[in-house]
Structures are given as structure tokens and as C-alpha cells.
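Take a look at the letters that make up each chain.
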Amino acid sequence: MRRALLVLIALAVVAAATLWIADRPGTVTLAVADLVVEAPLWLVGLASALLLIVFGGLVWLLARLRGWWQRRRLKRALRHRDEGDAAVVAALEALAAGDGPAALKSGRKARKLLGDTPLTLLLTGHAARAAGEIDAAEQSFRSLAGRKGAGAFLGHRGLAQLAVERGAQGEAAEAAKAALALRPNAVWAQTIAFTDSVRHHDWRGALRLLPEARGDAETGYRRASLLLAAAAEEAEPTAAQRLEEEAVSAAPGLAPAHAALVRRLRAADRTRAADKALERGLAAASHPMLAALALEPTPGEPKSARARRVASLAGQVGGAEMALAAARAALEAEQWAEARRWIERARAGGLEDRRLHVLLAELAEREFAGTERARTEAEAHWRDAATAPAEPEWTCTSCGASQPEWTPACTNCGTVGALRWGEAAAITPRLALPAPIPGL
């Protein structure tokens, strides 16, 4: 209604202007070369008005045509979006059902309808992986990882997953590090990058990826193991000692940490500090390697003095291992009764492996040397030693494998900080690579 009123007003204005011009006689002359055209003023005005009306009509018609085209495009886009959304849902359902080919077909349809969006690239990548088309999956994930902004992290995650599945550890680590640059707290990326650092003996790099212990014993053992590995490769003694002290603090129950610190202090001729560190280590983690350090004689120390020193330390810290060490020191000092007393204390402390019977056999041979009793008792103890349990070893809590020497990572499975002295504890579950969305 308003538009019709405006048209009537415009026509009325044009009619009034035409009448006004008609009341004023005059001519308009147009000369082009030899051609001269004359027309009344009112006729020129009327023609001009008509031209304006025609021009306005053309503009209106073009505007209507443009609006119609835009509405058509919008309707088509909305239809494609609805069809694309339906294809996305169909692909997700197929993935959840384990139908890789159907998921890939729907994913490609969604990509065709919606374009290369982060969602369609992610979906086609996982669909292609489920369908066994690894090259197509890698192409989709690389396209997604190459985008700036949203979706790049998911692309790197997809590439990491493909690399892990085909055993390409280097490619997986590269993708994980790129993902960490976008999201530093991504646990799966930290795990892959951590494993790669350990594999390349980049202990400091692995330390940067490992969180602080904060009361978590398992994390403390892992951190201490890495600190000891880094200390062993540190050329500067003071820096190495700081790493070993941090290892002792992170895992007080880890005997190799105490042993490394004691050796470091002794090498620096800090005997008193080394003795205190050894005493603290034995109190926190009774182990043969620490007992062996206690047995090491000081320069010029007589065997009898060493036996008294070791016996005093064993009395302070207790434990079957130090009792066995005190027995060894007494045996070498030819203090037979004292050696037997400490052997019994070791046995009372639960130590009943081959080492105890070997020591008893040596004691019988030396105490009753050259007699029938020496032969009889020694043979009995050697027989017991042959059937007694072997000395405990370091056992991995991740894979269950055993090894005689401690290392920062298990030599069988490579897990850091998983070695425990004696029997294996419950198997520690490994971190799996989580799915980004359900069904993928």
C-alpha cells in the first residue's frame, strides 16, 4: 500500500511538472553538425519524465531479479547444509557400527556438500582409517593439520594415531610435538613425546614432559629415574650432584638414587657428607648396593675397624641387608661368633636367599679350616645354597620382566621408573591413545 501511494505521488509530481512546462512556451534546439532538431519545451520535459520512469522500472526489475537469485542460492545452500548434516550423522553412525566403507561414503558426501570444513576433514580422515584407506586418511588429516586455527590440533592427533598404528615412532613424535605447541596439556601428546625422548636418551627433554611428583609415588620414581640418567651424562660434577639430590627427594625409596649420591660425595672427598647420605639411604631403602657401599673400606682402615663400623651402622639403620653386610665384615675380620650373630639377625629379618647360605659355607670353611667339621658343614650349606632362592632382581611393574642391574628404563619394555627390587607389584596400566569423539 505504501509503495503504491509513493508511485501515485511520483506520477502526480510528473503531471504537475508537465503542465507547468506546457504553460511556458519555448523550444529546445539540439544541433549536431548539420543536423538541427527543435522540439517544444513541454515535449522535452515529458520525454525526460518518461525516461526516468523507464530507468526506475529497470532498476526495480534488476533488484527483484537479484533478490530472487539470492533467495534461490540461500535455499540451495540450506538444502545442502541439511543434506550435509544428515551425511555427517550417517557417517558417525557407520563408524559407531564399525562399517568403515559406509562411513567413508557418507563422509565424502558430507565433504562434497559442506566443503573442507574441520568437521568434514576430521570425519573423512577417521572414516578412511576405518575403511583401511590409510593414504586417504593421512591426506585428510594433513589438510586438517595444515589449517590455521580450529581443527589443526585434531589433524595432528589423527596423524599421530596413524603413525602409532603402523609403528612409525618418529612420525608419531613429530605429530605429538606439533599438537603440544597448540595444546600443551594434551596427555596423549605428552605421552608420545615423552616416550620418544626416552627412546633417544633425551633425559632432560623427558623431564620437561613429566609433571612434578606432588606426592604421587609412581611419578616420583619416574622422575627420579630420569634425574639419575641425566646426572650420569652431566659433565659438571656440581650440576650432577644437584640432579642426584633431587632424585633422592623425588623417590626416597629408590636405592640407586642414594647410591649415586654417596658415590658422588665420596669422589669429591666429602667423606662425612657421604656417610650421612649413606645412613639416610639405608634407613629409607635397604638394598645390597647400599650395603656394598657400607662395606667399602676407607683408606688404611683395618678389617677389625671396618667390622665395628659396619656393625654400628647396621645397628642404627637395621634391616636384613645391613645385617648380612655386618656378617660379611665380621667374617673377613675373622670374628666368627660376631659373624654368626649377624647371620642370624639377617635370617630373622626375612633374608633366606642363596647369599646367606653361601656366607654360612664360607664361615664354616674358614672357622674350622682343615677339619672334618669344616668339610661337613660347608657341604651342607653349599647344598642349601644350590636349592635356595636366588638373590632378588629388579622387576618391571609394567611388563613383569626381571633384570639384575637397575636402569632408568626397563630393558624389555622401555617403561621409565618401573623397576622395583624383588617381586613385581601389580601391573601398571599403560596410557592408551584416547578417541577424540565417541565412535572414532
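Cut-offs used in this document
Residues numbered from 1 in each chain as written. Predicted model: local features only at pLDDT ≥ 70, side-chain atom pairs only at ≥ 80, totals over all residues. Heavy atoms only, no water. Phe/Tyr/Trp six-rings, centres within 6.5 Å; stacked < 30°, edge-to-face > 60°. Helix = DSSP H or I, 4+ residues; strand = E, 2+ residues; numbered from the N terminus. Buried < 20%, exposed > 50% of the residue type's maximum accessible area, 1.4 Å probe, protein only. Lys NZ or Arg CZ within 6 Å of the ring centre and 35° of its normal. Pairing = 2+ DSSP bridges. Salt bridge = Lys/Arg side-chain N within 4 Å of Asp/Glu carboxyl O. Axes fitted to C-alpha atoms, helices over the stretch in contact; angles between N-to-C directions. Parallel < 35°, antiparallel > 145°, perpendicular 65-115°, else oblique. Left-handed = near helix turned anticlockwise from the far one by under 90°. Contact = heavy atoms within 4.5 Å. Nonpolar A, V, L, I, M, F, W, Y, C, P; charged D, E, K, R; others polar. pLDDT = per-residue confidence, 0-100.

1. Section: the packing of aromatic side chains
Phase 1 of the analysis: Enumeration according to the criterion identifies 2 aromatic pairs in this entry.
Phase 2 of the analysis: Taken together, a centroid distance of 5.6 Å and an interplanar angle of 65 degrees make the contact between Trp-394 and Trp-421 edge-to-face. With Trp-394 in strand β3 (residues 394-396) and Trp-421 in strand β5 (residues 419-421), this pair connects stretches of sequence that are 27 residues apart.
Phase 3 of the analysis: Classification of Trp-394 as buried rests on a relative accessible area of 4%.
Phase 4 of the analysis: Sitting over the ring of Trp-188, Arg-157 keeps its end group 6.0 Å from the ring centre.

2. Describing the sheet that holds β3
Phase 1 of the analysis: Here we have 3 strands laid out as an open sheet, ordered β4-β3-β5, and antiparallel in their pairing. Every other strand in the sheet has two partners, leaving β4 (402-403) and β5 as the edge strands with one partner each.
Phase 2 of the analysis: Of the pairings in the sheet, the one linking β3 to β4 comprises 2 bridges and is antiparallel in character. Paired with Thr-395 across the strands is Ser-402, a residue of β4.

3. Side note on the pattern of salt bridges
Phase 1 of the analysis: Taken as a whole, this structure holds 26 salt bridges when the rule is applied.
Phase 2 of the analysis: For Glu-246, the salt bridge is made with Arg-223, and the minimal N-O distance between the two is 3.7 Å. With Glu-246 in helix α11 (residues 237-250) and Arg-223 in helix α10 (residues 217-233), this pair connects stretches of sequence that are 23 residues apart.
Phase 3 of the analysis: Note that Arg-373 and Glu-377 form a salt bridge whose closest N and O atoms lie 2.7 Å from each other. Taken together, the residues span about one helical turn, with Arg-373 and Glu-377 both in helix α19 (residues 372-387) at a distance of 4 residues.
Phase 4 of the analysis: Because the salt bridges share partners, they merge into one network encompassing Glu-321, Asp-353, Arg-355 and Glu-391.

4. Topic: the packing of α10 against α11
Phase 1 of the analysis: The N-to-C vectors of α10 and α11 enclose an angle of 165 degrees; their axes lie 8 Å apart at closest approach. If you check the angle between α10 and α11, you find them roughly antiparallel. Considering only the axes of α10 and α11, their crossing is left-handed. Contacts between α10 and α11 involve Gly-220, Arg-223, Ala-224, Leu-227, Leu-228, Ala-230 and Ala-231 on the former and, on the latter, Ala-240, Leu-243, Glu-244, Glu-246, Ala-247 and Ala-250.
Phase 2 of the analysis: Residues of the contact of α10 with α11, tallied by class, amount to 9 nonpolar, 1 polar and 3 charged.

5. Topic: the confidence of the model for the chain
Phase 1 of the analysis: The predicted model of the chain has a mean per-residue pLDDT of 85, with 87% of residues at 70 or higher.
Phase 2 of the analysis: The least confident element of the chain, judged by mean pLDDT, is helix α1 (residues 2-22) at 65; the most confident is helix α12 (residues 255-267) at 95.
Phase 3 of the analysis: Of the regions scoring below 50 in pLDDT, residues 424-440 engages in 32 contacts with residues more than four places distant in sequence or in other chains.

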